[in-house]
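# Summary of structural features
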Amino acid sequence: MIALVEKFCGTLLGTHTGDALGMPLEGASPGSIQKNYGQVREMLDARLGVGTYTDDTEMMIALAESLVRCRGVNGADLAQAYLENFNPLRGYGAGTRKALELLRSGVSWEEAGKRVFEQGSYGNGASMRIAPVGCLYSRDLEKLKEAVHLSSVITHAHPWGEEGALLQAYAVALAVQADPWQEIDVDHFLASLESVLDEGSPFREKLQAMQRLLPGEPGIEEVVLELGNDSRTVTSVPAAIFSFLKNAADFEETVVYAVGLGGDTDTIAAMAGAIAGGFHGKPAIPERWLTRLERGAKGADYIERLARELYDLYTDFYPHA
Ligand code: R7I
Ligand code: MG
Ligand code: MG
């Protein structure tokens, strides 16, 4: 068995790893990635240097810090943490930048996310950062739902913005609680995910598309046509879950596949990396990638410490787990 604490570390470092591997290709088409790189298996030079992370990981760090500090989601503290960690050079989405500006100008954490777009954002910003919630509440679906709602609404109040985060958090939770020595039961995994969706959810047809695609050998173009790869939750969260389920036996293959889908590569790979890292644990992340991850004050070592603190909190919550 792999220790649960290694799975928590795998989830958070899996986010950083996928984010860093995917970032240099953000916005590229799958065809151009294929033509120029074949498969992306090595950390490429990036805007802020090799192995650096983007907003995805920066917001995940804020969420993990606040969860540990408040022993759960505290909306006001979390909003402050998002603000304090904000570094515009990490490349934030327009909706999230607006929500953060509103917060900074004194709008409450319950209100800011509702003033983005018409009914709040359905971008993938709440999903990309959700990994720590998926770990901490991996044994309690009701608590997981509540924590997803509170942590998402601050910037992503649209129902799809939140539902995507729930789907991603639950995928992480299922992966963290699964035995990596046994093959993932794909039908069971998809049925579990479906059980948390609203009646008219746009994610339902994506799960059905996955069910159709998984047994075959679909080309990247077909997968992207069916699932999509842009920065909306309704495309990128399914793309990340599919990347994991298609390559569940291997962390590296999951993340390489996710980057190969093109489009929102840092985010799809960050989310796929969180699920695969939660399933396999930190030891499955290739050493040659780990050693290239950003260090510094809030680099990979700090992220691992946060994962261990999150695990300590988990063992306080569930002492007999
Ligand atoms: O969700 P968000 O923080 O973006 C995260 C993305 C990731 O790829 C990061 O790596 C970073 O690069 O940005 O930012 P939002 O701007 O809230 O949402 C992302 C995109 O989703 C927007 O730019 C829109 O294209 C789309 N979107 C919407 N479009 C129309 N109407 C989200 N909500 C709406 C909407 O209500
Ligand atoms: Mg990003
Ligand atoms: Mg992105």
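Let us look at the structure shown here. Chains are numbered independently. Their residues run from 1 in the order of the written sequence. Key to labels: chains lettered from A, ligands numbered from 1, both in the order written. pLDDT decides what is reported in this predicted model: residues at 70 or higher carry local features, side-chain atom pairs at 80 or more are listed and counted, and totals for whole chains, interfaces and linings draw on all residues regardless. Side-chain measures here rest on the full set of heavy atoms in the structure, leaving out hydrogens and waters.

### Digging into the overall build of the protein
Helix and strand definitions here come from DSSP, where helices need a minimum of 4 consecutive H or I residues and strands a minimum of 2 consecutive E residues; each element is numbered from the N-terminal end. Of regular secondary structure, the protein possesses 18 helices and 0 strands. Relative to the 2.2 N^0.38 estimate, which gives 20 Å for 321 residues, the radius of gyration of the protein is 18 Å and therefore close to what a compact globule would have. Projected onto its principal axes, the C-alpha coordinates of the protein cover approximately 50 × 45 × 45 Å. Contacts were defined at the residue level, with two residues in contact if any of their heavy atoms lie within 4.5 Å. Counting contacts in the protein only where the partners sit at least 6 residues apart, residues at least 24 apart contribute 74% of the total. Areas reported as accessible are Shrake-Rupley estimates using a 1.4 Å probe. Residue values count occlusion only from the protein chains shown. If you sum the accessible surface of the protein, you get close to 12700 Å²; carbon and sulfur atoms cover 49% of it. For this measure, only C-alpha atoms enter the radius of gyration; the expected value for a globule follows 2.2 Å times N^0.38, where N is the number of residues.

### Some thoughts on the coordination of the magnesium ion (ligand 2)
Thr54 (OG1), Asp55 (OD), Asp56 (OD) and Asp266 (OD) make up the full set of protein donors to the magnesium ion (ligand 2), lying at 2.1 to 2.3 Å. Coordination of the magnesium ion (ligand 2) draws on donor residues from a single chain, spaced T-D-D-x209-D in sequence. Only nitrogen, oxygen and sulfur atoms within 2.8 Å of the metal, or 3.2 Å for Na, K and Ca, are treated as donors, and water is left out, so sites may look incomplete.

### Focus on the site of ligand 1
As a structural note, the neighbourhood of ligand 1 is formed by 21 residues, with Gly95, Thr96, Ser121, His156 and Asp264 the closest of them. The separation between an oxygen atom of ligand 1 and a polar side-chain atom of threonine 96 is 2.5 Å. Any pair of nitrogen or oxygen atoms within 3.5 Å is treated as a polar contact; in protein, a donor-acceptor pairing is required on top of that, and neighbouring residues in sequence qualify only through side-chain atoms on both sides. Backbone polar atom of tyrosine 122 to a nitrogen atom of ligand 1: 2.9 Å apart, as the coordinates give it. Protein contacts shield 79% of the accessible area of ligand 1, which totals 700 Å² for the unbound molecule. Spatially, ligand 1 is embedded in the largest pocket. Every element with two or more residues in the shell around ligand 1 is listed here: α3 (55–70), α5 (94–104), α7 (125–128) and α16 (265–280). Tallying contributions element by element places α5 first for the shell around ligand 1, with 3 residues. Residue proximity to a molecule or strand is established when one non-hydrogen atom of the residue lies within 4 Å of it. Put plainly, a pocket is an open set of points on a 1 Å grid over the protein atoms alone with protein on both sides within 12 Å along at least five of seven lines, a cavity is a set where a 1.4 Å probe fits but cannot get out, and a lining residue has an atom within 4 Å of a point. For a cavity or pocket, the test is whether more than half of a molecule's atoms lie within 2 Å of its grid points; if they do, the molecule sits there.

### Thoughts on the environment of arginine 288
As for its placement among the helices and strands, arginine 288 is situated in helix α17 (residues 287–290). Here the alpha-carbon distance between arginine 288 and aspartate 312, two residues 24 residues apart in the chain, equals 28 Å. Leave out the neighbours within four places in its chain, and arginine 288 touches Arg41, Glu42 and Glu252. A polar side-chain atom of arginine 288 sits 3.0 Å from a polar atom in the side chain of glutamate 252.

### Details of the coordination of the magnesium ion (ligand 3)
Protein-derived coordination of the magnesium ion (ligand 3) comes from Glu26 (OE), Asp264 (OD), Asp266 (OD) and Thr267 (OG1), at a distance range of 2.0 to 2.5 Å. Angular criteria define each label, namely tetrahedral for four donors with all angles between 85 and 135 degrees, square planar for four and octahedral for six donors with opposite donors over 155 degrees apart and remaining angles between 65 and 115, and irregular for whatever fails these tests. One can describe the donor arrangement at the magnesium ion (ligand 3) as octahedral, given that its 6 donor atoms subtend angles of 79 to 177 degrees at the metal. Read N to C, the donor residues that coordinate the magnesium ion (ligand 3) are spaced as E-x237-D-x1-D-T. Between the magnesium ion (ligand 3) and the magnesium ion (ligand 2), a separation of 3.6 Å is found, and both are coordinated by aspartate 266. As far as the burial class goes, aspartate 264 and threonine 267 line up, both buried. Exposure classes here rest on a 1.4 Å probe applied to the protein chains alone. A residue is buried below 20% of its type maximum, exposed above 50%, and partly exposed in between.

### Considering the packing of aromatic side chains
The geometry of an aromatic ring pair is captured by the separation of the ring centres together with the interplanar angle, meaning the angle of the planes. Between rings of Phe, Tyr and Trp, where Trp is taken as its six-membered ring, a pair exists when centres lie within 6.5 Å; planes separated by under 30 degrees are stacked, by over 60 edge-to-face, and by other angles tilted. Inspection of every chain in the model, using the stated rule, returns 12 aromatic pairs. On the numbers, 4.7 Å between centres and 70 degrees between planes, the contact of phenylalanine 86 with tyrosine 92 is edge-to-face. Note on phenylalanine 317 and tyrosine 318: the rings are 6.2 Å apart at their centroids and 85 degrees apart in plane angle, and the pair reads as edge-to-face. By the ring-pair criterion, three or more aromatic residues cluster together here, those being Phe8, Tyr137, Tyr311, Tyr314, Phe317 and Tyr318. Comment: the charge-over-ring label is applied if NZ (Lys) or CZ (Arg) is within 6 Å of the ring centre and within 35 degrees of the ring normal. A cation over an aromatic ring shows up here: arginine 90 above the ring of tyrosine 53, its NZ or CZ 4.0 Å from the ring centre.

### What to know about the nonpolar core
General note: in soluble globular proteins, nonpolar side chains tend to be found buried as a group. Core analysis: the largest hydrophobic core is formed by 108 residues, its most contacted members being Leu12, Val133, Phe189, Leu193, Ile241 and Phe244. With 11 residues, helix α10 (residues 159–177) is the single largest residue contributor to this core. Contact partners of phenylalanine 244, with chain neighbours within four places excluded, come to Ile184, Phe189, Thr254, Ile275, Ala276 and Phe279. Residues enter a nonpolar core if they are buried and are Ala, Val, Leu, Ile, Met, Phe, Trp, Tyr or Cys, with the set joined through side-chain atoms within 4.5 Å.

### Brief notes about helix α4 (residues 75–85)
All buried positions along α4 are accounted for by Gly75, Leu78, Ala79, Ala81, Tyr82, Leu83 and Asn85. Where α4 is buried, its residues meet α3, α5, α6 (109–112) and α9 (141–153). Where α4 begins, the side chain of asparagine 74 points an oxygen toward the backbone nitrogen of alanine 76, at a separation of 3.1 Å.

### A look at the packing of α10 against α16
Between α10 and α16, whose axes approach to 7 Å, the crossing angle comes to 20 degrees. As far as their axial angle goes, α16 and α10 are roughly parallel. As α10 packs across α16, the resulting crossing turns out to be right-handed. Residues Gln168, Ala171, Val172, Ala175 and Val176 of α10 form the contact with α16, whose participating residues are Met271, Ala274, Ile275, Gly278 and Phe279. Here the contact of α10 with α16 is built from residues that sort into 8 nonpolar, 2 polar and no charged. Axis definition: a line fit to C-alpha positions, over the contact stretch in the case of helices; interaxial angles, taken between N-to-C directions, run 0 to 180 degrees. Orientation is classified from the angle alone, with under 35 degrees giving roughly parallel, over 145 giving roughly antiparallel, 65 to 115 giving roughly perpendicular, and any other angle giving oblique. In a left-handed crossing the near helix is turned counterclockwise from the far helix by less than a right angle, and in a right-handed crossing that turn is clockwise. Only Asp, Glu, Lys and Arg are considered charged in this grouping, and only Ala, Val, Leu, Ile, Met, Phe, Trp, Tyr, Cys and Pro are considered nonpolar; every other residue, Gly among them, is considered polar.

### Let's talk about the layout of surface pockets
Where empty space is left in the structure can be found by rolling a water-sized probe over the atoms. In this structure, the largest pocket occupies an estimated 320 Å³ of space. Lining the largest pocket are 22 residues, and of these Gly93, Ala94, Gly123, Asn124 and Ser231 sit closest to its centre. For the lining of the largest pocket, the elements supplying multiple residues, two or more each, are α3, α5, α7 and α16. It is α5 that contributes the most residues to the lining of the largest pocket, 3 residues altogether. Tallied by class, residues from the lining of the largest pocket come to 5 nonpolar, 11 polar and 6 charged. Grid points are joined across faces, edges and corners, and a volume is the space filled by probe spheres set on the points.

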